[in-house]
Amino acid sequence: MKVILRKAIKLILSVARLLCLKKIINQFDKLATLIRSEWYSLDIAKTGNNVIFKSSFYLYGGDRISIGNNVSFGKNSVLTAWTSYNGQKMNPHITIGSDCRFGEYNHITSTNNITIGDGLLTGRWVTISDNSHGESDYSSLKTPPAEREMYSKGEIVIGKNVWIGDKATILAGVTIGDGVIVGANSVVTKDIPPYTIVGGIPAKVIKRITV
Amino acid sequence: MKVILRKAIKLILSVARLLCLKKIINQFDKLATLIRSEWYSLDIAKTGNNVIFKSSFYLYGGDRISIGNNVSFGKNSVLTAWTSYNGQKMNPHITIGSDCRFGEYNHITSTNNITIGDGLLTGRWVTISDNSHGESDYSSLKTPPAEREMYSKGEIVIGKNVWIGDKATILAGVTIGDGVIVGANSVVTKDIPPYTIVGGIPAKVIKRITV
Amino acid sequence: MKVILRKAIKLILSVARLLCLKKIINQFDKLATLIRSEWYSLDIAKTGNNVIFKSSFYLYGGDRISIGNNVSFGKNSVLTAWTSYNGQKMNPHITIGSDCRFGEYNHITSTNNITIGDGLLTGRWVTISDNSHGESDYSSLKTPPAEREMYSKGEIVIGKNVWIGDKATILAGVTIGDGVIVGANSVVTKDIPPYTIVGGIPAKVIKRITV
């Protein structure tokens, strides 16, 4: 029974292939991406040419966000600039350069300042967050984290041509130099000098590249 | 050609905005969340007031799960209590307190006991698992992991007002004290005293907060 | 108002349950998985019996991929073999044994060679990548990573009955022995002898199992 069903499915799919179902789906997908990209651009303060948002993108606070030319965000990515939280007022800015490619499931969130230079490439499940739920004093830790005041240890500055590996996390108050490679699964908690490769939790210099 | 298409799309989207398409979508989304939440609640032993399951939630073994008031699960989260695996019988319980907020893509899975206190906040891609595929003896490692007996090193107890960062993993047999902050990407393998900040693999105390 | 709405929803859902809505959805889901699996199999050089691709699977370069019997890929997984990148030609092969179970959101990508033995089990958000964007010399780091030549430090060989935990990353040029357990969130950068448990960034031997 199941075997016959599989054979029937295979036959129908083969016919669908002949009818160019894949190409048709691809064309629809391209059109959907075009519409989606225009839709989100309407909400963003400044977007350059050829800025692409793949499906299931989530945007908040676009009026605080500026994006250069030729930038793409992979599926299921999140880009949020929070101006208020539980009545607290914040003043966030996210500035993204040109020729940046964010991977799928990226999570970029600001209550302070995130500045990203040209030529960034990120893997999947990358977190870039300049904020956290509260400071680490005793009275804060006695309250539920979701009710703590939003706190930013400092702004994030990422240089040119940086590559951030899968599942890496960039935390508040760090400056990452030009040409840096952040290894997979690392957590960046301190400044990284240019042209270095870092890895681990917290991320440490593995290799320093010289001319 | 593409430029004209983009302009046409932009015009149509602007009109859609005027027609409040976003608000209408938001209302449908709220209704869908309400229906989804009631749907899953039907399968859960005890759910308090205002328990919200965002889209693409996956539930298994709800009759072993109890949830307090004002709890939300982010999109794509998984909550599973396994009573059997390959014929093996297990006796899991998951008890979640009130005012807990689970982030997106959380993965909470039990074959033993997971107890979570009030006021938890988690980031994205957090794993809380009290079980593993088999023990680490030689004969186990000779068989495919999926065929090994499920094994739990011990139950997980999470205190009040705990904050677990993006991509952190909480493993079996640990007790996490009140007010703990678990850093991003960490793996918790041992007990954590209250009011401490931990990070790394395995997670170690970074800071101990006193009054 | 909201209370009445919730009650109405609950009533409708209860009736839907009586009408076996869940069972009907399950049956549709099974059929969809069957169709999806045949659809992707058409593009893969060699697929054994009972190879299952769960929803939102992404495949590229299937003619370079060979899969054994009884293999499943969890939802949102990605399996890619890249034969060209920005005009650069590559010669990738991915060979997967039998009885392997890949978790959800797995990311397996090759420009060189990935060979996986029988009986693998992986968790969620696992990355297996034998390639990277460019070498780590100074002139490479001066160009945007997405424009660097694809580079593979070496092929990946994974033995039999290996278990890879949630969020672990396996990088290029490593051989993982039979019966290895890779801990959650680890990054494997060096060879791992058989029957060992490893963890951390970079992954180090935690325990060596003997007969």
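Refer to the preceding data block for the structure.
The following paragraphs examine the structure supplied in this document. (Residues numbered from 1 in each chain as written. Chains lettered and ligands numbered in written order. Predicted model: local features only at pLDDT ≥ 70, side-chain atom pairs only at ≥ 80, totals over all residues. Heavy atoms only, no water.)

Now for the overall build of chain A. Along the backbone of chain A there are 3 helices and 24 strands. Counting across all 211 residues of chain A, residues that qualify as buried make up 53%. Measuring between centres, the 25 positive side-chain charges of chain A sit 15 Å from its 16 negative side-chain charges. (Helix = DSSP H or I, 4+ residues; strand = E, 2+ residues; numbered from the N terminus. Buried < 20%, exposed > 50% of the residue type's maximum accessible area, 1.4 Å probe, protein only. Lys, Arg positive; Asp, Glu negative; His and termini not counted. Charge placed at Lys NZ, Arg CZ, Asp CG, Glu CD.)

The two copies are related by a screw motion: chain C maps onto chain A through a turn of 120° and a shift of 0.0 Å along the axis, at an RMSD of 0.0 Å. Between the two chains, the operation in question is that of a three-fold axis. Distance from the rotation axis, computed per C-alpha, reaches its smallest value in chain C at Asn 185 of chain C: 3.9 Å. Interface residue correspondence from chain C to chain A reaches only 17%, placing this contact among heterologous pairings that use different surfaces. (Least-squares fit on C-alpha atoms with pLDDT ≥ 70 in both. Contact = heavy atoms within 4.5 Å.)

All right, on to the interface of chain C and chain A then. It is common to give the size of an interface as the accessible area lost on bringing the parts into contact. Of the residues lining the interface, 35 residues belong to chain C; the matching set on chain A comes to 35 residues. When the two sides are added together, the surface that chain C and chain A hide from each other amounts to roughly 3,200 Å², 64% of it contributed by carbon and sulfur. Three residues stand out in chain C for area buried against chain A, namely Glu 38, Trp 39 and Tyr 138 of chain C, and they jointly supply 22% of the buried area on that side. If you look at where chain C meets chain A, you find 4 salt bridges. For Arg 17 of chain A, the salt bridge goes to Asp 43 of chain C, with nearest N and O atoms at 2.8 Å. (Buried area = accessible area lost by both parts, 1.4 Å probe. Salt bridge = Lys/Arg side-chain N within 4 Å of Asp/Glu carboxyl O.)

Time to look at helix H1 (residues 2-18) of chain C. Over its 17 residues, H1 of chain C runs 24 Å from end to end, which matches the ideal 24 Å to within 8%, given 1.5 Å per residue. What H1 of chain C keeps buried is the set Ile 9, Leu 13 and Ala 16 of chain C. The buried residues of H1 of chain C occupy an angular sector of 55° when projected down its axis, which confines them to one face. Among the exposed residues of H1 of chain C, those oriented more than 90 degrees off its buried face are Val 3, Ile 4, Lys 7, Leu 11 and Leu 18 of chain C. For H1 of chain C, the elements touching its buried residues are helix H2 (21-41) of chain B together with helix H2 (21-41) of chain C. (Expected span 1.5 Å × (residues − 1). Arc of directions from axis to C-beta.)

Residue and element names in this part refer to chain C. Side chains Thr 196 and Val 198 of strand S23 (residues 196-199) all project onto a buried face; the interleaved residues Ile 197 and Gly 199 project onto the opposite face, where all are buried too. Where S23 and strand S24 (residues 204-208) come together, 4 bridges link them in antiparallel fashion. Among the inter-strand pairings, Ile 197 is bridged to a residue of S24, identified as Lys 207. Between the end of S23 and the start of S24, which pair antiparallel, lie 4 residues, with Gly 200 showing a positive phi angle near 95°. (Pairing = 2+ DSSP bridges.)

Okay, the interface of chain A and chain B next. Each side of the interface is counted separately: chain A has 35 residues, and chain B has 35 residues. Between chain A and chain B, roughly 3,200 Å² of surface is buried when both sides are summed, and carbon and sulfur atoms account for 64% of that area. At the surface where chain A touches chain B, the tally comes to 4 salt bridges. Our count for the chain A to chain B interface comes out at 19 residue pairs in polar contact (both at pLDDT 80 or more). At the level of elements, helix H2 (21-41), strand S15 (132-133) and helix H3 (138-141) of chain A are the ones that each hand at least two residues to the side of chain A that touches chain B. The biggest single contributor to the side of chain A that touches chain B is H2 of chain A, with 5 residues. Its residues placed into classes, the side of chain A that touches chain B shows 19 nonpolar, 10 polar and 6 charged. (Polar contact = N/O pair within 3.5 Å; in protein donor to acceptor, adjacent residues only side chain to side chain. Nonpolar A, V, L, I, M, F, W, Y, C, P; charged D, E, K, R; others polar.)

The full count for this structure, using the stated rule, is 18 salt bridges over all chains. Where Glu 38 of chain C meets Lys 10 of chain A, a salt bridge forms, and the shortest distance between an N and an O atom there is 3.6 Å. Remark: Lys 10 of chain A occurs in helix H1 (residues 2-18) and Glu 38 of chain C occurs in helix H2; the pair is interchain, linking two chains. One salt bridge connects Glu 104 of chain B with Arg 124 of chain B, and the closest N-O pair in it is separated by 3.0 Å. Placement of the pair is Glu 104 of chain B in the loop between strand S10 (101-102) and strand S11 (107-110) and Arg 124 of chain B in the loop between strand S13 (121-122) and strand S14 (127-129), with a sequence separation of 20 residues. The network of salt bridges with shared partners includes Arg 6 and Lys 10 of chain A together with Glu 38 of chain C.

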